[in-house]
Structure formats: C-alpha cells, structure tokens
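Below are the chains, spelled out letter by letter.
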Amino acid sequence: MAGGGKHTPTPKAIIHQKFGAKASYRVEEVNDSSQSGCPGLAIPQKGPCLYRCHLQLPDFSVVSNVFKKKKDSEQSAAELALEKLGIRPQNDDLTVDEAWDEIVGRIKYIFSDEFLSAEHPLGAHLRAALRRDGERCGSVPVSVIATFDAKINSRCKIIDPSVESDPFLAISYVMKASAKLSDYIVVSQHALRRKNAYPSEIVEALATHVSDSLHRREVAAVYIPCIDEEVVELDTLYISSDRHYLDSIAERLGLKDGSQVMISRTFGKASCGSECRLYSDIPKKSSDNSSEASGSSNEDSSQIKKSRNARASYICGQDIHGDAILASVGYRWKSDDLNYDDVTVNSFYRICCGMSPNGIYKISRQALIAAQLPFSFTTKSNWRGPLPREILCLFCHQHRLAEPIISSSTAPVKSLSDIFRSHKKLKVSGVDDANENLSREKEDTPGLGHGFRCEVKIFTKSQDLVLECSPRKFYEKENDAIQNASLRALLWFSKFFADLDVDGEQPCDTDDDQDIKSPSPNVFAAPPISQNEHSSESKTTNVLSAEKHVQSITNGSVVSICYSLSLAVDSEDSSDGESPREDIESNEDMESEGDAEYSANCEPSIDLIESNEEIEFEVGTGSMNPHIESAVTQMTVGEYSSFSITPPDAAEALILAVASDTVRIRSLLSERPSLNYSILLLGVKGPSEERMEAAYFKPPLSKQRVEYALKHIRESSASTLVDFGCGSGSLLDSLLDYPTSLQTIIGVDISPKGLARAAKMLHIKLNKEACNVKSATLYDGSILEFDSRLHDVDIGTCLEVIEHMEEDQACEFGEKVLSLFHPKLLIVSTPNYEFNTILQRSTSETQEEDKSGSQLPKFRNHDHKFEWTREQFNNWASNLAKRHNYGVEFSGVGGSGEVEPGFASQIAVFRREASSVENVAESSMQPYKVIWEWKKDGDKKD
C-alpha cells in the first residue's frame, strides 16, 4: 500500500537535525512532596517519580518543567530551546509526493561538501568510501543510506509502511529518488557516488584526521547459513580503518563488494551487550513496480522464498535471504574509527532466547536453564524478576510493536447480603465436610466490594490488532489485575517460542485462553531453532524418598537455593544403548564406597554450564525448572542433592546460550550426555499469610475480619472508634463505604509507611464521600503506651495485631487497653494456630500429605512472634475480662466454631460492664504524635 500519512517531527528530532551530538540532555529526578496527594501529612513523602530535563546547546541551555515520563521532559526542553531559537515546529502532513521530494533533497544534502564533515554515522561512511580502491572510491552502498539516515527511513515509511518489515523497499526507494539527481549523483547497482569529485582541499583535510589506531583487527562474528540443517558457527571478520568494513563482510559472504550487502536494524542490545546487526545479500528483486512476465515473476518469487534464512529472519524481525553474518561493527556519531565488539555463537543463542517473553525472564534472572516465566502472578513481594508488565513492554519494543495499551476497570462484585451470609456458621459434622462447604463458598461467592479487572491490547505500529487479552477474573488490587493480565498475554506469546526456551510443560489456564483474541497471529514467525525430528523426553528418577523426608515446602513458599548444572559424558559410554546414569544423592551418601568406585571406573567428562550462588523462587508458580522444583520441595534446609536427566532436544539452544565454549558443548551434545543438577537448599520462607488465606477463602479472611467488625460497629450506634495497629487503614477505609453513626475515627500504628498510605486513602474518601464522620486522626505511637486522648472511646479494634508482638507484650496490651484506654467495646482478632494445618495444605494440593501426623503447622507469617490455640486465646481473654470488669464473647471468621479446628481467625468481643469510668487527665499522658488530621469543613477552626 502506497498511501499518504502524517509525519510530525518532534521538537527533539528538530534539535537533533540542527545540532546532532552537540545537543546534550541531562534528566534528573524531582521529589515533589506536594504531589503526595495528602495535604497536612507530617511524614516526608517522596511523591510520584517526576523528571526534569536540562538541555545544553552550544550557545545556551534550557530547563524543562517536571513530568511523569523522562521522554516528556526531554521533549519539553527541546520545545523551549526551539522557542528561544525562534523556530516553530511545523506539522508535516506529508503526501507521498512530498515524501519523495524530501528524500531527493536529503540525498542531495548527504553528498554535499557540508555533510562530508558532519558528526554522523553517514559522514563516517562517506569519508571511508573516499578511501576505497579504484572505481569504488567515493561509492556509498545504498543500504548504508537507507539504514543510517532516520529522515530518509521515515519518509520511506510514508510512501509504504511495509518498509518497517522489508528493508529492501527502502533501498529501492533511495535508488529511485537518486535517479532524479542524474546531474549530481551517479547511480550504479545498489551504490551511489557523487558525480563531481569533492574539492581536493576537503579530501586532504579529512585524510589528516584518519586514525591509524586500527590497522587490521580480527573481529569475532557468527555465520548463519541459509540452510537450517547447517550449523551456526563462529566466524572471523578482518577489518581495518583503510578499508570499508562492508567490503570485508561482502568478501566473507562471497559477494562482489559492500554495495551488495543488506544491513538489518539493530537488535540484541540487552541480550549480548552490544548493538548487533545482520548482514546478508540483497535479494534479487525487481527495483521498480513494473510487472514482469508472469512465469518469470513466479519463478523469482519461488526462489526468494526458498532462499529465506529462517534463523536470521527470526532474530531480527525482517526477511533475510541467503547466508547471513551476525556482527557488531560500524561507525558512530563522533568518530571515524570503527567500533566493534566480538559476537559469539553463545550471543546468537542468547539473542534467540531473548526474543520471547520466557527468554526475557530467563535472561533477566541470569538463569537461562533453571528459571522460566511463571504461569501465575501472586503478589509483588513474592514475584522474582522483572514484573510481567515490564516484560511485556520490552517484548513489544523488541518486536517493533506499539506500546501495550493496558486499561483497568472496577465493578461491585459482592452484595451486602453475601457479606453477612459469609459469617454464618457452617452446619457440618466434620473437617472434611467443612472443607467441602468452604470450597463451595469459595467457588460460589463473588469477591468483596469493588474488584479490578484489566484488559491488554497489543497493536502493530500501523495499528493492526495483534492480541486482545481480557481475563474475566477480578482482583482486590489494581496492580494485581494489571500484572496478571500482562502475564496472560506473555504466556500466549510464549507459545510461539516454546520449542526454543521452555524446559518442561507449563500449566495453562484454559478458562483465560477463552478471553484471548488474536486476529493477526502471523505477526511472528515460529522459531526455527531446535525443531529436531527425534525428540527425547527428559528422564528422572524419584527425587528424595517420601519415607526419608517429611514434605514441608508447599506452594507459595519462597525458597533460596544454590545450584549448578553441568553436562557429563561417561568415558565408558557403552554401545548397548543404555541411557546416562540417573540418580539422586543426598549429602549423607554422596561419599559412599559404591559412588567412589563408579567415579574411578567411568571418569566422566564434566563441563559446568550454569550456576548460581543464590537464587530465590516461589514454589508452585512455575518460575523454576520443574526438575529443580520437584527436588527442592522434598529437601530440608542445608541439604544437598544431585540428579541427572537426559536433556531433551529442545533444550539444546538453551544449553548453547549459556555455554562459554560452544564448540566443545556441541561435541558433548552429539554424544547424548546427561544433564547433571546439583542443588543446595539455603533457606525457606513459608507461604505468606495473605497467599494461604486467599487460596482457601473468598472473600479473604482479611476482608471477613473487617466486615465482622463493621457489623458490630453498625449495631452499637457508636460515635468514636480507635483502631489499634491500624496499618494501612483497611478497616478505616471500609468504614467509609457504609453508613454508620461514627463521627470520629482514629488510627494508631508505629509504621510511618502504613500511616502515610492510610492518610492518603482517608483524604480521598473523606473529601469525596458523604458520611457522618466529622474528624479523623492518625497517630504515630505504640499501642503498648497509653495516650489519654484516646481514653473512654466507644469502640476499640485490634485486628490481627497482637501476634506481631512478643507474647508478654500482647498480655501487656490487654491489660493497658482495658484498664487505661477503657473502651466501651473492644474487638480483638488473632490467628487460630490449630487451623494452620488446613491453610498450609491448601497451598499444596498436588503434594502428598504427611500421613504420619508428626509435622506441626508453622506460623502463618514469618513476622508472627506467637500464635495461640483456641484454648490459649480463650484463657487470655477470659482472665483479662474478669480482672477489668468486662464481659467477653468468642466468635471468629473463616470456618465454623462448631467443628474442628474452629474458626481460622478467632475473635473476642469485650463489653464494659462497669457504669463508672476512671478519670484520666487529658494532658497527663500524650506520647502519640499526630501524623495527619482531618476535620469536616464546618468543624474546622481558624
């Protein structure tokens, strides 16, 4: 399609055209506490991440305003500079004819005397061309101009957007435009030369600046044969400053000279540490739009299709024909010297791996074989590696797709009747029945309050829809919805690359697959790597025996391991077809006599290919090689284990991507080696409390506790409430969602971060919602200290707080809150330790249970100092109430009080029975610091 299009040069692009490298941008972070969204907050806040740009030009400098994005600050600075220069950016609504005219004008400028000395890669190419021999002197390959001049490239895209994926089109358009300059430019096959020689004084002046530092250097490159069956191998380019480097590449490709070399766009910067390009033969296409004889045209088309280099095309996203060379060599803006980096076969396979979302995750974690993209996003704290949204943006950038469009929405997902119904006791006769009933409630009951959903859309740069991902699930937090939707899109994309970078099948959520639409699935070519005819399934023996080790690492646990992976080929590899030795060794029997004898006789050749001194992953999310996860879940901290598998053919590319000596590793792979795993378990953190509860209850226990307290608050007709240990204000937040009689709400906590979050939330809601609340205060202080301003309130709440103290401190809090704070009603909740076994089992449904019954449950949170059984909690609360003239009743949420093991969260409600209240002078004890205070407009004092 040769349609017109809009092209508006940005202010930064105009500055670049005028000043090039003389324009220097410096972006700084700006901390603006006024943007924290909560006026009056006494805690210093960084606020949103803002940026300001300083632009230095030769004669003056400007400073932009602050922006949320770095690129916006840079554009603002460039715009201010243009205003100072008196230049107004014009909207170039270019037609196709105007685009042609601009290409012609640009080519003429490129071959002018002025441009010859420009600090521009093309300037260096022109100067190098003047050092070419004979008739090639001053002849510049057209591919160089089409590749390295951004203005020409952008105008070519106006003529035909297909230039984005077919660089040959840009070459043909440059050739056509140059033909219009017959009195100025000499056009030969894929090369341009100025008709009249440059003035001798200019050429002589340039010759004096040529660097002699580079005489003849060997640069490592990778040769990629067109035929898939042939091996990708390491190659060498011989380059020097007195010869155009494209001529050296052409020589290696068997071409006449550099004018026949096609240059791809850059790629692989994040994968191999340098800017790589692919170099190949320019395809034999007709350079004009005239129709050839149908038979000849079909023959040419067939030949071009046959010559397509699948592997080279795959890694650069453009059609490459014939053999290709992957190299990092070329000119940059400020130097005539050639810049170069060695590129190895290892680099090639790393680039291949990094083309897929799974590979991006592997590379970012520096564990190409051990790690893999998780199939589920749990919480930000348990996710290891770049977040799904970051990976998706990088993936789209690498494949020249538009920035992902991510939109979230909210909807009410639970009615009030559902909320109160969830607190009814379950009428069941045993634990299994209770579990079944809870599971049914989990399935049938929608979420609480407002949930977040997210939709992700991916478009090409020409706005063709590639993927639309709309998961139906609701999430309590907006970030969780965004990350899960992004992950679902990533997993869909990963299916195209599964043969290359996945070791083991990843579970797939088929329900979510129904929410994915892809009208343009052919945007990506299937990876042509490791698609062998004979596949070999990995074989493992049982990892540590269940009789020997109690299985205690459950889904949701975060484990830390040290591991190494090596390839081994037995020197006495028998010809009877036996597979390599496959076994598991614990640290107790590694040095057994039998093993020593085996080692002495076989003397295997072992090559280390990947290792990591410490890496963390979350069990049950698919973030780690399944062989490693299977072994780790049956180990104990400090234990060592090793085992061997026969690597599947699909793993060959991954092994080569981590191998330092690809020649040797290829040799080992041809001998069907074993892949040896050695693992040391360094540490384990159990599943987070939030994760365990979310896996078993819906709505989560945290929401059920809040709703339980809310129910009592509404029934009490109270006007004042203090939330002891308010944290981020989840209870105070919920109070504002429903009409209550409360007029004063107070929160106390020792976490400045939590109090800041609570203040921001309350500020938004109190200034937007119509409610009875007239004042709100947040205090920074310990609930173990008494503050007389909180004496004799109507209701005190303390939900899931006391277990974060030492046990004696929890007892001290109980004494002080009832004797000094003296609320009319106090609601205290804490985990029921006896319920932990069920919750911990809920995160490991696929694992065998400990039938011996000897394993004691762990605390729900690593920060918990203690957790009480029902009997311990009842004794504490009953004795406390008796001493301070309170009545107490027991209940809970999650589960049932009528069946074992009771409620998941046990709750005590204390009611003051004394008619008189002990007097406490208001000014006598006020250790708490006011962090934030709000009053309704009519109640504010001057």
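Residues numbered from 1 in each chain as written. Predicted model: local features only at pLDDT ≥ 70, side-chain atom pairs only at ≥ 80, totals over all residues. Heavy atoms only, no water.

Chemist: An account of the pairing of strand E26 (residues 825–831) is requested, with residue identities and associated values reported.
Modeler: Across the seven residues of E26, seven count as buried, placing the element largely inside the fold. Alternating positions in E26 separate into two faces, Leu825, Ile827, Ser829 and Pro831 on one and Leu826, Val828 and Thr830 on the other, with burial throughout. Note that strand E25 (residues 795–799) and E26 share five bridges and pair parallel. Directly across from Thr797, in E26, lies its bridge partner Ile827. The handedness of the E25 to E26 crossover, carried by helix H30 (residues 807–821), is right-handed. For E26 and strand E28 (residues 903–912), the ladder comprises seven bridges, and the chain directions are antiparallel. Counterpart to Leu825 in the pairing with E28 is Arg911. (Buried < 20%, exposed > 50% of the residue type's maximum accessible area, 1.4 Å probe, protein only. Helix = DSSP H or I, 4+ residues; strand = E, 2+ residues; numbered from the N terminus. Pairing = 2+ DSSP bridges. Right-handed = clockwise from strand over helix to strand, strands pointing away.)

Chemist: Which residues make up the state of the cysteines, and what values go with them?
Modeler: Under the criterion given, the structure shown has zero disulfides. Residue Cys353 stays outside any disulfide, its sulfur separated by 8.6 Å from that of Cys352, the closest cysteine. (Disulfide = S-S within 2.5 Å.)

Chemist: Break down the pattern of salt bridges for me, with residues and values.
Modeler: A complete count under the given rule lists 27 salt bridges for this structure. Linking Asp737 and Lys765 is a salt bridge whose minimum nitrogen-to-oxygen distance equals 2.5 Å. Of this pair, Asp737 sits in the loop between helix H28 (730–735) and strand E23 (744–749) while Lys765 is found in helix H29 (residues 752–766), placing the two residues 28 residues apart along the sequence. On the basis of relative accessible area, Asp737 is assigned to the partly exposed category, the value being 43%. A salt bridge links Glu815 to Arg883, with the shortest nitrogen-to-oxygen separation between them at 2.4 Å. Placement of Glu815 in helix H30 and of Arg883 in helix H32 (residues 870–883) is noted, with a sequence separation of 68 residues between them. When its relative accessible area of 27% is taken as the criterion, Glu815 is described as partly exposed. With a relative accessible area of 52%, Arg883 lands in the exposed category. (Salt bridge = Lys/Arg side-chain N within 4 Å of Asp/Glu carboxyl O.)

Chemist: Go over the sheet that holds strand E1 (residues 24–30) with me, naming the residues and quoting the values.
Modeler: Taken in spatial order, the three strands line up as E1-E2-E3 in an open sheet, and their pairing is antiparallel. Where the open sheet ends on each side, the last strands, each with one partner, are E1 and strand E3 (61–63). Taking the axes of each pair of neighbouring strands and ignoring which way they run, one obtains an average angle of 15° across the sheet. The pairing of E1 with strand E2 (residues 50–56) spans seven bridges and is classified as antiparallel. Note on E2: the bridge partner recorded for Val27 is Cys53. (Axes fitted to C-alpha atoms, helices over the stretch in contact; angles between N-to-C directions.)

Chemist: Quick rundown of the pairing of strand E22 (residues 720–724)? Include the residues and the values.
Modeler: Most of E22 is tucked away, with four of its five residues classed as buried. Two elements, E22 and E23, share five bridges in a ladder whose sense is parallel. Its bridge partner being in E23, Phe724 is matched across the sheet by Val748. Of the crossover connections in this fold, the one passing from E22 over H28 to the parallel E23 is right-handed. Of the strand pairs in this sheet, E22 and E25 are connected by three bridges, and their pairing is parallel. What sits directly across from Val722, in E25, is Gly796.

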